[in-house]
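# Fold and contact review
The lines below spell out each chain.
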Amino acid sequence: MDLCNIDDIRYVLGKHGFRFSKSLGQNFLTAAWVPAQIADSCGVDQTSCALEVGPGMGCLTEQLSQRAEKVCAIELDRNLFPVLRETLAGCDNIDIVQGDVLKCDLAGICQEKFGDTPVYACANLPYYITTPAITALLASNAFQAITVMVQKEVAQRICAPAGSPDYSAFSIYIDYYADAEILFEVPRDCFVPQPKVDSAVVKLIPRSQPPVPVCNEKLFFSLVKAAFGQRRKTLANALNSVLGNPLGKAGIIQLITDCGFDARIRGEKLSLADYAALTELAEKRMAQD
Ligand code: SAM
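Reading the values: the criteria
Residues numbered from 1 in each chain as written. Predicted model: local features only at pLDDT ≥ 70, side-chain atom pairs only at ≥ 80, totals over all residues. Heavy atoms only, no water. Phe/Tyr/Trp six-rings, centres within 6.5 Å; stacked < 30°, edge-to-face > 60°. Helix = DSSP H or I, 4+ residues; strand = E, 2+ residues; numbered from the N terminus. Buried < 20%, exposed > 50% of the residue type's maximum accessible area, 1.4 Å probe, protein only. Arc of directions from axis to C-beta. Contact = heavy atoms within 4.5 Å. Axes fitted to C-alpha atoms, helices over the stretch in contact; angles between N-to-C directions. Parallel < 35°, antiparallel > 145°, perpendicular 65-115°, else oblique. Left-handed = near helix turned anticlockwise from the far one by under 90°. Pairing = 2+ DSSP bridges. Right-handed = clockwise from strand over helix to strand, strands pointing away.

How two aromatic rings sit relative to each other is given by the distance of their centres and the angle of their planes. Taken as a whole and assessed by the stated rule, the structure comprises 14 aromatic pairs. A ring pair is formed by Y176 and F221, whose centres lie 5.3 Å apart and whose planes are at 85°; its orientation type is edge-to-face. Taken together, the positions of Y176 in helix α8 (residues 169–177) and F221 in helix α9 (residues 217–229) put the pair 45 residues apart, joining distant regions of the chain. Here F220 and F221 contribute two aromatic rings whose centre-to-centre distance is 4.9 Å and whose plane-to-plane angle is 80°, an arrangement assigned as edge-to-face.

Turning next to helix α5 (residues 106–114). Burial in α5 covers these residues: L106, I109, C110 and F114. Along the axis of α5, the buried residues cluster in a sector spanning 100°; they form a single face. Of the surrounding elements, those touching the buried residues of α5 are β2 (49–53), β3 (70–75), β5 (119–124) and α6 (130–139). Of the residues one or two after α5, G115 is the one with positive phi, at around 60°.

By the element assignment, D92 lies in the loop between α4 (81–87) and β4 (94–98). Between the C-alpha atom of D92 and that of M286, which follows or precedes it by 194 residues, the distance is 59 Å.

Our next topic: the packing of helix α11 (residues 240–258) against helix α12 (residues 272–288). Across the interface, α11 lies against α12 with an axial gap of 10 Å and an inter-helix angle of 130°. With respect to each other, α11 and α12 are oriented oblique. Every pair of crossing elements has a handedness; the one defined by α11 and α12 is right-handed. Where α11 approaches α12, its residues L243, P246, L247, Q254, L255, I256 and D258 are matched on the opposing element by L278, L281, A282, R285 and M286.

Within the secondary structure layout, T61 lies in helix α3 (residues 59–67). Excluding residues that lie within four positions of it along the chain, T61 makes contacts with E52, P55, V71, A73, L88 and I94.

Moving on: the pairing of β5. Burial of β5 is extensive: six of the six residues sit out of reach of the surface. Burial along β5 is two-sided: V119, A121 and A123 facing one way and Y120, C122 and N124 facing the other are all buried. For β2 and β5, the ladder comprises five bridges, and the chain directions are parallel. Looking at the pairing, C49 lines up with V119 of β5. Relative to strand β6 (residues 145–151), β5 is paired through five bridges, and the arrangement is parallel. Bridging from a neighbouring strand, A123 pairs with V148 of β6. Note that the unit made of β5, α6 and β6 has a crossover that is right-handed.

Printed below as a string of C-alpha cells:
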C-alpha cells in the first residue's frame, strides 16, 4: 500500500468509515517525496529515535520507522487507530500513543519509550496548534532537533530577521531557544483535503545557551510581548503597560535613548540582543526607583 497515493488513501479511509475533521487540522500528505524528505532531513538514524506528533494514517511514521531505531507517534483522534493498525502493520518499531500533544508530558514519554537514546521530533503539524505545539516541543527539552511542517507564513515568521516585515515576538522567542531554518516549501496541492495555504518545513535545533545572556527572562519576554502587542505604537508607548508604573513615560524614553535608540523607534526594529540590553538597563532603573 502506498500511504501517499490518493486512491489507496480513499480506499483505506473509506473501509474504516473515517471522515476528515477540519477542527483537528486533518490534511494528509499525498506527495510521497514530502514525508521522505522530512525523515531524511530531521537527523534521525539507526542509533536514535523519533517522536512524531499527529501520524494521521502514517505516511511520515512509516518513513521514520525505516530510518530510526524506534518511533513513538502521538495521535489525538481515536478514529485513526484502526486505520494505523492496518497501514503500519508491517513496521515493528512503532508505538502509537493516544493523547493531545499539548497536554502530554513529552519528556516523560521520551524517557519511558526511548530511555536515554537521543530523540528527534517530527510532525506535519495541524495548523490550529502550531504555536503551542512548537512551544511545548521546545519547552520539553527532550529533543536533539524539531522538524515540523507549518503554514508557510508561520515558517517565515519563525525565521524572520529583526526589522523584516515578518519579524514578531515569536521570532524572538524561537531565536532565544533554538537555531531555526526553513528547509523547503510544500505547495497546497500536496494534501487531501487541500488547505487554503501553502506550507513549509522548519528545522529547530535547541540551543544549549541563549545567543545573548538575559539577566531577567520574565522581564525580557514581557517587554518583547508588549512591544509587538502594539506594533503600530512607538516602543516608548508600547512599553508603558510594563514599565509605566515604575519608570513613567519620561523614564521609559530616557531608558530607550540611553540604550542608544531613537526615542520614536518602533519595537520591531530591535534585535534579540537589543531587547536583552533594554531588559538589563530597565531592571537597574527599576531597582533604583
Ligand atoms: N502526519 C499525517 C500526514 O502528514 O499526512 C497527518 C498530518 S495532519 C496535518 C495532523 C494530524 O495531527 C492529524 O492526524 C490529527 O488528527 C492530529 N492531531 C490534531 N490535533 C492533535 C493534538 N492536539 N495532539 C496530537 N495529534 C493531533
